[in-house]
Amino acid sequence: MVAGAPPADSRERVGQWMRQIQDEICQGLTAADGAGQFREDAWERPEGGGGRSRVITNGGVFEQGGVNFSEVWGTQLPPSILTQRPEAAGHGFYATGTSMVLHPKSPYIPTVHLNYRYFEAGPVWWFGGGIDLTPYYPFVEDVVHFHQTLKDACDRHNSHYYDTFKLWCDEYFFLKHRNETRGVGGIFFDYQDGTNELYRGPDAQGPAAQHSKQVGVPAQRNWEELFGFVQDCGRAFLPAYVPIVERRQSQEYGDRERNFQLYRRGRYVEFNLVYDRGTIFGLQTNGRTESILMSLPPLVRWEYGYQPDPNTREASLYEIFLKPQDWLNAPPQVPGLA
């Protein structure tokens, strides 16, 4: 094995782990839901590969959610990859990942998204992914718990991971046409192959890039180290999210909260159809459309020119929670609201 190259059994090991984390997450969510069960659809991709789509609907907690595993290979690289890494041209590719989106019934339980993935094509390989939280009626203590759990996982591998990947998450999950973040963030990273700076995104002048420049190029990280990091990130999901579900699932809500939740779900649709690279990659590689669009909520509403009333919890979402915050060192003070 040459320096910097993945091990000979890289594809088998990552593929097996992606299946395993899908199993673990589904088991944990089934227990947290208390009523619903995941239904599995196994599928095959004619060009090579396939996956397992698992969907839960009308559960005790989750109105709809999916936890997907996919593993695809082929000779035709998608344009989205060639744009980023032209040196992959001419090589067959392998890509695997586990992705998840949950849309709870209660407006007090946040939507959550997770995706961890691995890509290999000739000399090119990398790990990517992340997790982010999209609340409708957020609580600072929930957001702090979520971020602290992710930071703990990151810190076991590199003390600069959380700060850099948190800023990258704020940048990536941003709706430019709305000038707002999708939610309260989490972590996001891509193109991690153990070389160069941690930030490998498009905005060379943004906060994530500036922070990454200050950190400099970390000591060389090999394939095994990055694989271990991704594994710890994946296993941080249940302890980061399930306690929030347990705290909020019994809170009563009415039509006002439900209507606002459905309106804000529209932002999720807008992001996934306009910006999300995983959606674009899946469609460009002739993935299974039902699985790719599993992330969309079951019910959603749009309203022309909506503006929240001043001094309300709806207004606080826009004014505080949809702006990047330092959740761990300087969490915002949220006043009592109507």
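That block above? That's the structure.
The structure contained in this document is the topic of the report that follows. Remember, it's a predicted structure, so these values are computed and weren't measured experimentally.

With that settled, consider the pairing of strand β4 (residues 93-104). Counting buried residues in β4 gives eleven out of twelve residues, a clear majority hidden from the surface. Across twelve bridges, the pairing between strand β3 (residues 62-74) and β4 is antiparallel. Paired with Val67 across the two strands is Met100, which belongs to β4. In this structure, β4 lies alongside strand β5 (residues 111-121), joined through nine bridges in antiparallel fashion. Residue pairing for β5: Met100 is matched across the bridge by Leu114. Counted along the chain from β4 to the antiparallel partner β5, the turn is six residues long.

Under the criterion given, the structure shown has 34 aromatic pairs. Measuring from ring centre to ring centre gives 6.1 Å for Tyr118 and Trp223, while their planes differ by 90 degrees; the resulting arrangement is edge-to-face. With Tyr118 in strand β5 and Trp223 in helix α6 (residues 223-235), this residue pair connects regions lying 105 residues apart in the sequence. Judged by its relative accessible area of 2%, Tyr118 falls in the buried class. Classification of Trp223 by relative accessible area gives buried; the value is 2%.

Here we come to the sheet that holds β3. A sheet is described by the order of its strands in space; here seven strands give the open sequence β1-β2-β3-β4-β5-β6-β9, paired in antiparallel fashion. Only two strands of the sheet have a single partner each, and these edge strands are β1 (39-44) and β9 (185-192). The average angle at which neighbouring strand axes cross in this sheet is 5 degrees, direction not considered. Bridge count between strand β2 (residues 49-57) and β3: nine bridges; the pairing is antiparallel. Bridge pairing in β3 places Gly50 opposite Glu71. Its contacts with the sheet put helix α1 (residues 10-33) on β2, β3, β4, β5 and β6 (124-134), and the angle it makes with β3 is roughly 175 degrees.

Here the structure, examined in full by the defined rule, presents zero disulfides. The cysteine Cys233 is free of any disulfide, with Cys154 supplying the nearest cysteine sulfur at 4.8 Å.

Running from N to C, helix α4 (residues 161-172) and helix α5 (residues 207-215) point in directions that differ by 160 degrees, and their axes come no closer than 8 Å. Between α4 and α5, the crossing angle belongs to the class labelled roughly antiparallel. Once α4 is placed against α5, the crossing between them reads as left-handed. Here Asp163, Thr164, Leu167, Trp168 and Glu171 of α4 lie close against α5, whose contacting residues are Pro207, Ala208, His211, Ser212 and Val215. Classifying every residue of the contact of α4 with α5 by side-chain character gives five nonpolar, three polar and two charged.

Rules used in this analysis
Residues numbered from 1 in each chain as written. Predicted model: local features only at pLDDT ≥ 70, side-chain atom pairs only at ≥ 80, totals over all residues. Heavy atoms only, no water. Buried < 20%, exposed > 50% of the residue type's maximum accessible area, 1.4 Å probe, protein only. Helix = DSSP H or I, 4+ residues; strand = E, 2+ residues; numbered from the N terminus. Pairing = 2+ DSSP bridges. Phe/Tyr/Trp six-rings, centres within 6.5 Å; stacked < 30°, edge-to-face > 60°. Axes fitted to C-alpha atoms, helices over the stretch in contact; angles between N-to-C directions. Contact = heavy atoms within 4.5 Å. Disulfide = S-S within 2.5 Å. Parallel < 35°, antiparallel > 145°, perpendicular 65-115°, else oblique. Left-handed = near helix turned anticlockwise from the far one by under 90°. Nonpolar A, V, L, I, M, F, W, Y, C, P; charged D, E, K, R; others polar.

Distances and angles like these do not, on their own, reveal function.
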